[in-house]
Amino acid sequence: MTRTQIDHPKLDFPVRHLSSKLSMSTALIGFFVLLGWIFNLSFLKSILPGLVTMKVNTALGFLLGGISLWLWHENHFRKRSHLQLVCQILAVIVILIGLLTLIQYSFNVNFGIDQLVIKEKENVIATSYPGRMAPNTAICFFWLGLALILLRYSLTSIAQSLAFSSFLIAVVGLVGYILRISSFYHLAPFTGMALHTSISFILFSSGILLASSQHGWMQEVMSPYLGGIIARNIFPLVIGIPILTSGLFLSAYRSDFIPIEIGFVLRGIINIVVLGGVVWWNARYLNNIDKKYQNLQQSLQEYNDNLEARVHERTSQLEATNRDLIDSRHQLSNLINTLPGIVFSRSVNNNWSIDSISDGYLSIISECKKELCQSEQKCTFQDLIVEEDYPKIIAAIQTAIDNKIAYEVEYRIVTQCGHEKWLWEKGIETSIDGDAQIIQGFITEITSLKATEEALRISEERWRLATNSALDAIWEWDSFTDRTTLSERWFSLLGENPQSFTITRLEWEQRLHPDDRERVIKNVIDYLTHQAPRYHSEYRLRHRDGSYKWVESQAVAQWDEQGKPLRMLGSIADITERKQTEQALRESEAKFREIAENIREVFHINSADLSQMLYISPCYEEIWGRSCESVYQKPDSWSESMHPDDRARVFAACECLIQGQPLQEEYRIIRPEGDIRWVSARVFPVYSQSGQILRHVGIAADITKRKQAELEIKRLNEELEERVQQRTAQITSANKELEAFSYSVSHDLRAPLRGIDGFSKTLLERYTDKLDERGKHYLTRIRAGTQRMGELIDDLLQLSRVTRLEMRLTQVNLSAMAQQIAQHLSESEPERRVEWLISPNLIVQGDSQLLRIVMENLLNNAWKFTSKKTQATIELTSMKSESEKRDHLTYMIRDNGVGFDQTYVNKLFQAFQRLHSVEEFPGTGIGLATVQRIISRHGGDVWANAVVEEGATFYFTVQS
């Protein structure tokens, strides 16, 4: 069983449990939205007013899909066929909902499925067809339904890919709502994806991804090893940080809080800081793993040393036992030569019992011979032999007689003192006088030899158990046979089933990686020839599947008196995982250096008390003009170049930094060549899990150009302020002159005009009989000219006043104001047929007096230019408009009068500019210029569209 098979179930159960909860959450969302449609609860259908509703078919798809995934989990644990069938049926329905909707969009057909359950009103928000889900929603349902089917047939990788694609679409929609980017969830002109639809798809897709997380490509993410742990820790940052930084950047840009250039730079700095934090966290995590591994290696080394000591001790014991055995054999030989054992004879007539026995018997049983051999009867050895061993003796004697050979047999005796002893007997058949058959031989005690053999057997069994239970493989090389004996661990390491526990040197060399072979063989030879003090090597061995395993090997050797090697005993440990970790650490460090050394800012890492510079990027040399090596040797040398006026402030900030407060300062430095640069520095502390400061990480950027630009802007602002003051004085003087002119016009010009008009009127009344028609015509024209001049003066004074009057803002009802003006106009010419269409409750924030002038001018124009229409129509209404900054209302006054040529629309709002003659339509040409000035003072715009003889429309806006 592999490690993956052992560890994965620990993670698999909670992940499957989470997937089941996500499926039920998805089904509950669909259920509650269906309740919202049934009982017409708007907050369940669209969450917030003005948002897209989740359609009935969408809610039904979530309900059925969530139940299908939950039943898949239930079937996985209980193995019930009816659950599996229901699960598949629900998944097929989800596929059909998505597929039929996509066909409707693609071929512009309507199957009637959108309004099948509950009908939706026309023209609802962001909905192309009533009740129809968005095309991206339909695609997600189609993919997720297929994923549920594929899970049944163990096509996990494809199912996870479909679920992940749906997850991305849902995330894009959710980001669109968060960042207020409608194109992310509303593919115009189609129906938009609802907010809770995006959330539900994220839950549903996550549930499918986690449903079978130990298979497919998700097993890499959910694995309990380093890769899976790091992936699970980094993925939330990879998804969340770009969204967060993008949202902050968009919010700042939309509110004009910061310029776009600074926003991009700040976003880059934030991404650098986050990426640096992720790199640091991974480095710390891998360092902790490596430390644990090193501690385990140290413990294993100690265990190996202890094992080696025990091996040496046991070897010494075995050598001592072997020497004792050799001594015993020498003693036995001496005893045999001096006949210290038992010389005996057996007779067939006595059932092969011992007839005679030598005095060596006494040295074995330590008993008097007479106790066994009485004078009245022959001696027998039967009484001392263990009963269970006697048949073995008889069988050995009979076999020897049948084959005409000597026999040897071992058996036990029990002395009269109760001691059990082992005897070794050797005999051969002989004939006496050619008739009687006897057995003659020698018996010696082998009790100590039996004990030694038993001890040796136990020792060998213990050695075998120790080597087979060790975590490392144990091996022994014999110089005489040139073969290596290996423990079972060596073969399991390489995926082999051993046929024999010994291999030749050639077989071992063929297992070595070609790149390691020459080096490893040289290390062995150097150690055996005393050219190296010890043998320790790391190399790769070929696995049965063709891959290579990294191993660490160390050994000790024994030499004879001439220095020739006798044997070599060592161990092999699997270090593949450690090598892979080291490689990953090197790659991580390389990525860190690649980032740190290619940014335009100085990236540095200091110790907790700022006394040591642990790392500083090469950009330091470009900005400070000093070498990085100088900072490593003298960490406080960076401050030597600081401008004297900034030194105290920055040093105080450094003291606060040591106490845990982040540092953010701008200061000046003086480079070795004398030029001054501005630097912006940001440093923050990095804490351990216990809350202690481990180190400080910071970034310093050259902001000289920015500071120079700020100084230039400050100078320009001062110049601008001076110019504004001068211009203000000029405007004040001009206003005074304008007021004087207005006073002159109203008093000095009106008096002569009134006189001319009065005398002309008197002449017409008193001398009408004395004047001919031409004279009367001239006087009439004089009066008309003076009256028109008076109107022009009034309009000019009004135009002057609208720019000088103080505005008093209130709530103004344009509809009520227009009704009053319309009534007055209708009463002035009751014979005209005019249809007034005034929308109710058009409320704006503005100056009531000025807005009345606007409405009077525009409505009077509409009344005047529709005078030649038999049936005139004048309309006041509004419409919603969009601009880059906000949504607002645009107000319209439309008529069906004579209109005007659109080519001359630019002259319309200029003073004294007329598009019709005075004889055709009376007027001064000042009214629309007055309207434009009033609307401008209200922060709005005014414009017009018209077609000759088809009417005109005047538009205006008022800033709220």
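Residues numbered from 1 in each chain as written. Predicted model: local features only at pLDDT ≥ 70, side-chain atom pairs only at ≥ 80, totals over all residues. Heavy atoms only, no water.

Caption draft 1: The packing of helix H5 (residues 135–152) against helix H7 (residues 195–211), seen in detail. Between H5 and H7, the least distance of the axes is 11 Å, while the angle of their chain directions is 20°. Put simply, H5 runs roughly parallel to H7. For H5 against H7, the interelement crossing comes out left-handed. Of the residues in H7, those in contact with Thr 137, Cys 140, Phe 141, Leu 144, Ala 147, Leu 148 and Leu 151 of H5 are Thr 197, Phe 201, Phe 204, Ser 205, Ile 208 and Ala 211. (Axes fitted to C-alpha atoms, helices over the stretch in contact; angles between N-to-C directions. Helix = DSSP H or I, 4+ residues; strand = E, 2+ residues; numbered from the N terminus. Parallel < 35°, antiparallel > 145°, perpendicular 65-115°, else oblique. Left-handed = near helix turned anticlockwise from the far one by under 90°. Contact = heavy atoms within 4.5 Å.)

Caption draft 2: Inspection of the sheet that holds strand E8 (residues 502–504) at higher detail. Across the sheet, six strands lie side by side as E8-E7-E6-E11-E10-E9; this open sheet has antiparallel pairing. In this open sheet, the two edge strands, each paired with only one partner strand, are E8 and strand E9 (535–542). The mean inter-strand angle of the sheet, taken between neighbouring strand axes irrespective of direction, is 30°. Two elements, strand E6 (residues 473–478) and strand E11 (residues 565–574), share six bridges in a ladder whose sense is antiparallel. Bridge assignment links Trp 475 to a residue of E11, and that residue is Gly 570. Taken strand by strand, helix H17 (residues 514–528) contacts E6, E9, strand E10 (548–559) and E11, and its axis lies near 150° from that of E9. (Pairing = 2+ DSSP bridges.)

Caption draft 3: Region of interest: helix H24 (residues 814–828). Compared with an ideal rise of 1.5 Å per residue, which puts 15 residues at 21 Å, H24 spans 21 Å between its outermost C-alpha atoms and is within 8% of the ideal. Among the residues of H24, those classed as buried are Leu 814, Ser 815, Met 817, Ala 818, Ile 821, Ala 822 and Leu 825. One side of H24 carries all its buried residues, which in axial view fall inside an arc of 155°. Exposed and oriented more than 90 degrees from the buried face of H24 are Gln 823, His 824 and Glu 827. The N-terminus of H24 is capped by Asn 813, whose side-chain oxygen sits 3.0 Å from the backbone nitrogen of Ser 815. (Expected span 1.5 Å × (residues − 1). Buried < 20%, exposed > 50% of the residue type's maximum accessible area, 1.4 Å probe, protein only. Arc of directions from axis to C-beta. Polar contact = N/O pair within 3.5 Å; in protein donor to acceptor, adjacent residues only side chain to side chain.)

Caption draft 4: The packing of aromatic side chains, seen in detail. All chains considered together, the criterion is met by 13 aromatic pairs. Measuring from ring centre to ring centre gives 5.1 Å for Tyr 105 and Phe 190, while their planes differ by 85°; the resulting arrangement is edge-to-face. Taken together, the residues Tyr 105 in helix H4 (residues 81–107) and Phe 190 in the loop between helix H6 (156–179) and H7 connect sequence positions 85 residues apart. Relative accessible area serves as the criterion here: at 31%, Phe 190 is assigned to the partly exposed category. Following the ring pairs from residue to residue traces out a cluster consisting of Phe 62, Phe 141 and Phe 201. In this structure, Arg 132 is placed above the aromatic ring of Tyr 129, and the distance from its NZ or CZ to the ring centre is 4.1 Å. (Phe/Tyr/Trp six-rings, centres within 6.5 Å; stacked < 30°, edge-to-face > 60°. Lys NZ or Arg CZ within 6 Å of the ring centre and 35° of its normal.)

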